[in-house]
Amino acid sequence: MNEIKLFCPATIANISCGFDVLGVALDAVGDEMVIRKTKKKGIRITKLEGQDLPVETHLNVAGVAGMALLEHVDYEGGFEIEIYKRIKAGSGIGSSAASSAGAVWGINELLGKPFSKADLVKFAMEGERLASGVAHADNVAPSLFGGFTLVRSYDPLDIVSIPSPSELYATVIHPQIEVKTSDSRKILKTNITLADGIKQWGNVGGLIAGLFYEDYDLIGRSLVDHIVEPIRSILIPGYGAIKSGSLEAGALGCGISGSGPSIFAFSKGKATAEKVAHTMKEVYQKIGVDYDVHVSKINTLGIKILD
Ligand code: HSE
């Protein structure tokens, strides 16, 4: 195989209570990439459509993640990458992660899979380091593994796959503003109180248990963030109205997607998820904010090959 075409899913990181450790992959939105072997060593980004992003290998997240992989393999040739961005940069649904994860997943396939998915997470994290200044894994892990993932530990890296209840749907609304992850990390406090810690890790445990038991009410009760949401929500127009409207429309819970500005809600069943989308749209239409909205099943496969 000399060439591969991929779908690289968007992801929701944090999932309210799990800052930097929880993430989930989406079905309805993702980037496409074409990766092909070349005789020339190294990596070149030969096409980048859909977003205004750098194509120089060392400035592009796919280039940097791919180079991190190539440093660990004895390979004579190189790779060309075409990136068709469908996920907007700075939207909060894992745009840099999709490109980073796609590059390393595709290169690994073309090399005959010398690396495990856990290895690929490490390489893809270098793309995240370039994008946000921090090599967080909570977007690249679900993009590579599919479904829900937990980063149990960063050192050593330990990724745990969590099952996805079959009727769980996500609604994501993206107000058309860009929030850079690096900026929205700078405003966070670096210390938390023990009281907030107790509430937060109770919810992380509750969410994981809810996903295992397919207990939708427990999932909903656990979608609470005492630490990051109060600070970051200030950057998101209409956040309070979107959240209260989503819960009234039947969502299990609602929170900031990754570092924002996208807002996500989980619902049991597609009909409720669509009702939530309708309510979210109404809020932004009323206050005059442009938006994109997605209703999506959980993507349990992660990155996949397109024909
Ligand atoms: N955990 C990261 C953050 C995710 O919230 O900064 C960024 O998508």
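Our subject is the structure listed above.
Computed from a prediction, not measured in an experiment: that's the story for all the values here.

## Brief notes about the pairing of strand E4 (residues 78-84)
Remark: a regular strand shows side chains that alternate across the two faces of the sheet. Along E4, 6 of the 7 residues are buried, which leaves the element largely enclosed by surrounding structure. One ladder, built from 7 bridges, connects strand E2 (residues 22-38) with E4; its direction is antiparallel. If you follow Glu 32 over to E4, its bridge partner there is Tyr 84. Pairing geometry for strand E3 (residues 42-49) and E4, over 7 bridges, is parallel. The partner of Lys 47 across the bridge, within E4, is Glu 82.

## Some points on a nonpolar patch on the surface
Together, Leu 194, Ile 198 and Trp 201 make up a nonpolar patch on the protein surface, roughly 370 Å² of accessible area in all. Structurally, Trp 201 can be placed in helix H6 (residues 194-213).

## A closer look at the sheet that holds strand E10 (residues 291-297)
The 4 strands lie next to each other as E8-E9-E7-E10, forming an open sheet whose pairing is antiparallel. Unpaired on one side and paired on the other, strand E8 (253-256) and E10 mark the two borders of the sheet. Sheet twist, expressed as the average angle between the axes of neighbouring strands with direction ignored, equals 20°. Relative to E10, strand E7 (residues 168-175) runs antiparallel, the two sharing 7 bridges. Bridge pairing in E10 links Val 172 to His 294. Against the sheet, helix H10 (residues 270-287) engages E7, strand E9 (263-268) and E10, with an angle of about 15° to E7.

Criteria and thresholds
- Residues numbered from 1 in each chain as written.
- Predicted model: local features only at pLDDT ≥ 70, side-chain atom pairs only at ≥ 80, totals over all residues.
- Heavy atoms only, no water.
- Buried < 20%, exposed > 50% of the residue type's maximum accessible area, 1.4 Å probe, protein only.
- Helix = DSSP H or I, 4+ residues; strand = E, 2+ residues; numbered from the N terminus.
- Pairing = 2+ DSSP bridges.
- Patch = residues over 30% accessible without salt bridge, like charges linked within 9 Å, V, L, I, M, F, W, Y side chains within 5 Å.
- Areas by Shrake-Rupley, 256 points an atom, 1.4 Å probe, with all protein chains shown as cover.
- Salt bridge = Lys/Arg side-chain N within 4 Å of Asp/Glu carboxyl O.
- Axes fitted to C-alpha atoms, helices over the stretch in contact; angles between N-to-C directions.
- Contact = heavy atoms within 4.5 Å.

By themselves, these are just geometric observations and shouldn't be taken as functional.
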